[in-house]
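Read off the chains here:
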Amino acid sequence: MSSHVEVAAVRAVAVTKRFGVGPAMVTALDGVTVAVPAGRFTVVMGASGSGKSTLLHCLAGLDRVDSGVVYLGDVDLTGLSERALTRLRRDRVGFVFQSFNLLPTLTAGENLLLPLRIAGRVPDRAWTDRVVDVVGLRDRLAHRPAELSGGQQQRVAVARALVARPAVVFADEPTGNLDSRAAADVLALLRRCVDEFGQTVVMVTHDPVAAGYADRVLLVADGRVVDEVDAPSVAMIHRRLGGVSS
Amino acid sequence: MIWRLVRRELAMRSRRAALTGVGAVVGVGLICGTLVLLETVAATAGADEDVRQLGQLVLVAGVVAVLVGAVLINAAFTVTVAQRTRELALLRCLGADGGQLRRLVGLEALVIGGLAGLVGLGAGVGVAAGLRAYVNSDLFPSGDLSGSGLVVSARTAVVSLLVGCGVTVLSALAPARRAGRTAPLAALRATPGSVRRAGQVRLVVGGVAVVLGVAAVPFAAVAGPGVLLLPAGVLTLLGLRLVGARVAGPLARLVGIPVARTLRLPGALAQANTARNPERTAATASALAIGLALVSFVLVLSASTKAAIEDEGARTPELHVRYEPRAGERAGIGADVVDRLAGLPELAAVAPLRSGEATVAGRPDRVTAVDPERYRRAQPLKVVAGSVTDLAAGGLGVTERVAATRGWTVGTPVPVRLPGGERTLTVRVVYAGNSYLPGAGDYLMAQADYAALGGDPTVRDVPMAARDGVPAGAVRAAVARVLAVDPALTVEDRGQARQRYLGQINRSTSLFLALAGLAGVVGLLGILTTTALSIVDRARELGMLRAVGMARHQIRLMIRGEALIVALLGVLGGGGLGLLFGWGAARVLAGSSSPTRFTVPTAALAAVAAAAAVAGVLAAALPARAASRIEVLGAIATE
Ligand SMILES: Nc1ncnc2c1ncn2[C@@H]1O[C@H](COP(=O)(O)OP(=O)(O)OP(=O)(O)O)[C@@H](O)[C@H]1O
Ligand SMILES: [Mg+2]
């Protein structure tokens, strides 16, 4: 663990999340306490069903926790009304999902500006231009999602998450549907966001290679964060993952 | 932002929008057609009352069509919002609030409604042109609009747009509210097309409405005021709409059993699909049910009225003189004609009737004056109490209905005032009156008393009886020769009178049927639209079925089977309601001045049911074909 004091962009304290009732009840998060450092690339890994997505949703204010507290910056999400959560999603967080990130009826460019439009904010031209250049999609802005490859669609989604300058970008298996080259593009892009823009990124992934891009890896098993590794190598991730699943 | 999303949605998914808006077009078209017709009538000198009445009937049909259309539009938006759950949820993830999503759906409804209003305006001009052609043709007894062009005023256009937008937006309110409640997480886990189950409150409110509405029918029929039937009908329909989604599942399963038996695997899938999506099934079936309820209601009432006419046949004279004066003539049947008829050897009895305004026990009415002895022989009266011959000198005859409502029996004194004076007569005979066919009116009195009190001496009808053994043709010929002196007079026998009135009933029945049928057509349109929408919804699933080896024709069979099940639900529900309310109305009318005897027109109802089921399957033919053409790969790739 790093010894110097970090500013946490997101923090979860003793967060528990259950689904269902009675015998069908599943404890997806079982007292998770974790901090996501600001300006870093944090990756969440773990076996299928271990609670990674649930953790991400709770950190991002997409889902409510059953107990515990989640702080985004210094805002306690558990105390927020639906309206305030909506405003928070609008202004403070960005999302990239595994699929269906873009509205099929809008062009890539329109999708890109959608969060700003929803918020009624005027896009910052210089910033938008820079984001578009970074994701390398300038010649694709007039295309519809159906006319883009999966990798291009994901890059539009990343650009969109950046364009509103959120405090944190959350990504749930953004490379899950991509081949290794497209995946590498998207991962490199996320890495650049962290390095060049100081963007905080939290990404769930199954891919140990993807974890190689991270500053920190959180290993989740059975609804608990069982390990935290800073600046890991791919081989190390493999080892740790092996340890978790055995 | 919202506006751009709406514009894109409508441009890229114009089929979906068209399928949604079509529900409003028929109703708007009819209403707009009426307005055009009425304004054309108003602009035409001497256009007559009949045309205006026709316009009003079409207007009623238009309102009904709008209501059925509202159910359809609601169904379409319900399906659409469910289909777009992921998109809506994605917008929520990107920071859209519930209000923005509500406005998104609402604005879409407004635009679709406006377009439907415009198309309806065009259709309305077509409807008006058709109506004008009908009025100008020989089919329409009076009126002529050939001299004037159709008048399409700004008012008509505004009303069309308002109705189109209004009905669409109102129908989209609930789906828009549902859209606003979309959770952001639904973007990640939603299986498109899953519709929430109806809430408990909705179930209870709907159930109570149905029970009250249905229970009100026998109450209105037996005890209460007949007008109660109208709110009862509305209440029942609203209630059914509310509980529909809950009962549609099990009902579809039940109705689907024979379909599954005959169509095998595709049928079984069809059964499962209709039961799986009860909201869509209920909305589509209820839209169809409204039309079928109206059609079967009209059929039951018509059959019941005809039954009453048949009942009167035995109480109508063998022959009578039909007096049809031309405008301005009021001479009545001449005394010489009556005398010559009385002299004919072919006739056994000739009983001229005079009738005029009178005040009977304080109420204005018409009384008929007869020679009791002649009348007894010429008019086959069904006497309930007393005797016709007792009418002579101070007697009064009343129908059963009058006796019942006024509480009179044989022996009751009744004051009768005629233009020349007043006298208290005594009820001497109670009989079954005829309301449709020629026969005894509500009040009978002796000719001598009538004349003494200065009653109107005009002879308006002459019932006659033929002498036994004389061939009918010879009797008619002899009477016709006498009547030849006056073109206003014709002889009519029992069969002809019956035919004439049945023909009138048939004409008005077919007019009402055509109008009710329009509601049915809108309902069938609903099968087309919801089926087509559901196929968009299920592209992946259909592709998967194809991938695992289902043949194209099996897919087609499956979709048609679904349409059949929905149509059967509509037929059963609509037919049941039509029968119930037809029974109620027939019972209410039974004791009125246009009486009925409740009769179930089994053959006609069966034909309508069969036609609706077949039409339902045909309506799904295009969507079924589209479904069978879905490419395996394309469907799997659909996101
Ligand atoms: N909406 C839900 N309703 C019921 N159970 C749920 C729901 N969402 C998640 N779960 C359960 O919670 C547990 C954690 O799920 P989660 O989606 O967080 O896993 P995950 O680690 O993201 O898995 P994967 O790698 O497969 O995406 C699982 O057992 C899952 O079945
Ligand atoms: Mg997951």
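Please read all numbers here as calculations on a predicted model, not as lab measurements.

Enquirer: Sorry if this is basic, but what is going on with the packing of aromatic side chains here?
Expert: Here a ring pair, both rings aromatic, is described through the centre-centre distance and the interplanar angle of the planes. Residues and elements named next belong to chain A. The tally for this structure, following the rule as stated, stands at three aromatic pairs over all chains. Here phenylalanine 95 and phenylalanine 97 contribute two aromatic rings whose centre-to-centre distance is 5.7 Å and whose plane-to-plane angle is 10°, an arrangement assigned as stacked. With respect to class, phenylalanine 95 is no different from phenylalanine 97; both count as buried. Here tryptophan 127 and phenylalanine 197 contribute two aromatic rings whose centre-to-centre distance is 4.8 Å and whose plane-to-plane angle is 70°, an arrangement assigned as edge-to-face. Residue tryptophan 127 is found in helix H4 (residues 125-135), and its partner phenylalanine 197 is found in helix H6 (residues 180-197); the two are separated by 70 residues along the sequence. We classify tryptophan 127 as buried; its relative accessible area is 9%.

Enquirer: Honestly, the interface of chain A and chain B in this entry has me stumped. Any pointers?
Expert: Where the parts come together, the accessible area they lose is often given as the size of the interface. Listed per partner, the contact involves 26 residues of chain A and 23 residues of chain B. In this assembly, chain A packs against chain B so that about 2,500 Å² is buried in total across both faces, 67% of it on carbon and sulfur atoms. Contact with chain B buries surface across chain A, with A:Phe100, A:Thr105 and A:Ile118 losing the most and accounting together for 28% of the total. Two residues, B:Asp97 and A:Arg90, come together in a salt bridge whose shortest N-O distance is 3.7 Å. Those elements that provide at least two residues to the side of chain A that touches chain B are helix H2 (82-91) and helix H3 (108-119) of chain A. Sorting elements by how many residues they give to the side of chain A that touches chain B places H3(A) first, with five residues.

Enquirer: Looking at this model, I keep getting lost on the nonpolar core. Mind explaining?
Expert: Soluble globular proteins: nonpolar side chains tend toward being buried together. Judged by nonpolar contacts, the single largest core of 67 residues is most densely connected at A:Val10, A:Leu59, A:Leu72, A:Phe95, A:Phe170 and B:Leu91. Top element by residues in this core is helix H5 (residues 98-136) of chain B. It accounts for six residues. If we skip the residues at most four places from it in the chain, A:Val10 touches A:Val34, A:Ala35, A:Val36, A:Leu59, A:Val70, A:Tyr71, A:Leu72, A:Val168 and A:Phe170.

Enquirer: For this particular structure, what's the right way to read empty space enclosed by the protein?
Expert: Over the atoms, a rolling probe the size of a water molecule traces out where space has been left empty. Tallied over the full model, the rule gives seven cavities of 30 Å³ or more. The volume enclosed by the largest cavity comes to roughly 130 Å³. Forming the boundary of the largest cavity are 13 residues, of which B:Arg280, B:Thr530, B:Thr531, B:Glu562 and B:Val566 lie nearest the centre. Contributions of two or more residues to the lining of the largest cavity are made by helix H9 (229-276), helix H10 (278-313), helix H16 (494-537) and helix H18 (552-590) of chain B. Its residues assigned to classes, the lining of the largest cavity comprises four nonpolar, seven polar and two charged. When its volume is computed, the second largest cavity comes out at roughly 80 Å³. Lining the second largest cavity are A:Arg89, A:Val93, A:Gly94, A:Phe95, A:Pro115, A:Arg160, A:Ala161, A:Ala164, B:Cys93 and B:Leu94. Looking at the lining of the second largest cavity, the elements with two or more residues in it are strand E6 (93-96) and helix H5 (150-163) of chain A. Looking at the lining of the second largest cavity, the element that brings in the most residues is E6(A), giving three residues. Tallied by class, residues from the lining of the second largest cavity come to seven nonpolar, one polar and two charged.

Enquirer: Looking at this model, I keep getting lost on the site of ligand 1. Mind explaining?
Expert: The environment of ligand 1 is formed by 14 residues, the closest being A:Ser48, A:Lys52, A:Ser53, A:Thr54 and A:His206. In this structure, ligand 1 sits where chains A and B come together, each supplying nearby residues. Here A:Lys52 contributes a side-chain N or O atom positioned 2.7 Å from an oxygen atom of ligand 1. Isolated, ligand 1 exposes 630 Å² of accessible area, and the fraction of that covered by the protein chains is 65%. Residue assignment for the shell around ligand 1 shows that the elements contributing at least two residues are strand E2 (26-37) and helix H1 (52-60) of chain A. The greatest single-element share of the shell around ligand 1, amounting to three residues, is contributed by H1(A). Taken together, the residues of the shell around ligand 1 sort by class into four nonpolar, seven polar and three charged.

Enquirer: Any chance you could explain a positive patch on the surface here in plain terms?
Expert: Taken together, the side chains of B:Arg102, B:Arg103, B:Arg177 and B:Arg181 define a basic patch exposed on the protein surface. Mapped onto the elements of the fold, B:Arg103 is located in helix H5.

Enquirer: So what exactly am I meant to see when it comes to the sheet that holds strand E5 (residues 75-76) of chain A here?
Expert: All names here are of chain A. Taken in spatial order, the four strands of this open sheet run E2-E1-E4-E5, and their pairing is antiparallel. The open sheet is flanked by E2 and E5, the only strands paired with a single partner. Relative to E5, strand E4 (residues 67-72) runs antiparallel, the two being bridged by two bridges. The residue bridging leucine 72 from the neighbouring strand is valine 75, located in E5. Contacts from H1 reach strand E1 (8-19), E2 and E4 within the one sheet, and its direction differs from that of E2 by about 60°.

Enquirer: Can you walk me through the pattern of salt bridges in this structure?
Expert: Opposite charge on two side chains permits pairing when their charged atoms draw close. Residue and element names in this part refer to chain B. Counted by the stated rule, this structure contains 40 salt bridges over all chains. We note a salt bridge from glutamate 279 to arginine 202, for which the minimum N-O separation is 3.9 Å. Here glutamate 279, found in helix H10, pairs with arginine 202, found in helix H8 (residues 200-222); they are 77 residues apart in sequence, far enough to count as distant. The buried category is assigned to glutamate 279, whose relative accessible area is 9%. If you follow the salt bridges from partner to partner, you end up with Glu9, Arg13, Arg16, Arg84, Glu87 and Glu108 in one network.

Enquirer: How should I be thinking about the UniProt feature "domain: ABC3 transporter permease C-terminal" (unreviewed entry) in chain B in this particular structure?
Expert: Per the UniProt entry, the sites bearing "domain: ABC3 transporter permease C-terminal" (unreviewed entry) are residues 60-183 and 515-631 of chain B in this numbering. A distance of 41 Å separates the end C-alpha atoms of residues 515-631 of chain B, which is 83% helix and 0% strand.

Enquirer: Would you mind going over the packing of H10(B) against H16(B) with me for this structure?
Expert: Axis angle and axis distance: for two packed helices, these are the angle between their axes and the distance between the axes, and together they describe the pair. At their nearest, the axes of H10(B) and H16(B) sit 8 Å apart, and the two run at 175° to each other. Regarding the angle of H10(B) to H16(B), the classification is roughly antiparallel.

Enquirer: Teacher, can you tell me more about the domain arrangement of chain B here?
Expert: When cut into domains, chain B gives domain 1 (1-193), domain 2 (247-313 + 502-639) and domain 3 (325-487). Here the C-alpha centre of domain 3 of chain B lies 56 Å away from the C-alpha centre of domain 1 of chain B.

Enquirer: Can you walk me through the environment of A:Arg144 in this structure?
Expert: Residue and element names in this part refer to chain A. Within the secondary structure, arginine 144 sits in the loop between H4 and H5. When its relative accessible area of 23% is taken as the criterion, arginine 144 is described as partly exposed. Taking the C-alpha atoms as reference, arginine 144 lies 21 Å from alanine 164; in sequence the two are 20 residues apart.

Enquirer: Honestly, the environment of B:Asp50 in this entry has me stumped. Any pointers?
Expert: If you trace the backbone, B:Asp50 turns up in helix H3 (residues 49-83). Put simply, B:Asp50 and B:Gly395 are 345 residues apart on the chain and 41 Å apart in space, counted from C-alpha to C-alpha.

Enquirer: Where do I start with unusual backbone geometry in this structure?
Expert: One non-glycine residue, A:Asp222, lies in the positive phi region at around 50°. Topologically, A:Asp222 is positioned in the loop between strand E9 (216-221) and strand E10 (224-230). On the basis of relative accessible area, A:Asp222 is assigned to the exposed category, the value being 62%. For B:Ala393, which is not glycine, the phi dihedral falls at a positive 55°. Checked against the element boundaries, B:Ala393 lands in the loop between strand E5 (383-386) and strand E6 (395-399).

Rules behind the numbers
Residues numbered from 1 in each chain as written. Chains lettered and ligands numbered in written order. Predicted model: local features only at pLDDT ≥ 70, side-chain atom pairs only at ≥ 80, totals over all residues. Heavy atoms only, no water. Phe/Tyr/Trp six-rings, centres within 6.5 Å; stacked < 30°, edge-to-face > 60°. Buried < 20%, exposed > 50% of the residue type's maximum accessible area, 1.4 Å probe, protein only. Helix = DSSP H or I, 4+ residues; strand = E, 2+ residues; numbered from the N terminus. Contact = heavy atoms within 4.5 Å. Buried area = accessible area lost by both parts, 1.4 Å probe. Salt bridge = Lys/Arg side-chain N within 4 Å of Asp/Glu carboxyl O. Core = buried A, V, L, I, M, F, W, Y, C linked by side-chain atoms within 4.5 Å. 1 Å grid on protein atoms, 1.4 Å probe; cavity = no way out; pocket = protein on both sides within 12 Å on 5 of 7 lines; lining within 4 Å. Points joined across faces, edges and corners; volume = space filled by probe spheres on them. Nonpolar A, V, L, I, M, F, W, Y, C, P; charged D, E, K, R; others polar. Near = heavy atom within 4 Å. Polar contact = N/O pair within 3.5 Å; in protein donor to acceptor, adjacent residues only side chain to side chain. Areas by Shrake-Rupley, 256 points an atom, 1.4 Å probe, with all protein chains shown as cover. Patch = residues over 30% accessible without salt bridge, like charges linked within 9 Å, V, L, I, M, F, W, Y side chains within 5 Å. Lys, Arg positive; Asp, Glu negative; His and termini not counted. Charge placed at Lys NZ, Arg CZ, Asp CG, Glu CD. Pairing = 2+ DSSP bridges. Axes fitted to C-alpha atoms, helices over the stretch in contact; angles between N-to-C directions. UniProt positions renumbered as here; feature names shortened; annotations may be inferred. Parallel < 35°, antiparallel > 145°, perpendicular 65-115°, else oblique. Domains from an automatic or database assignment.

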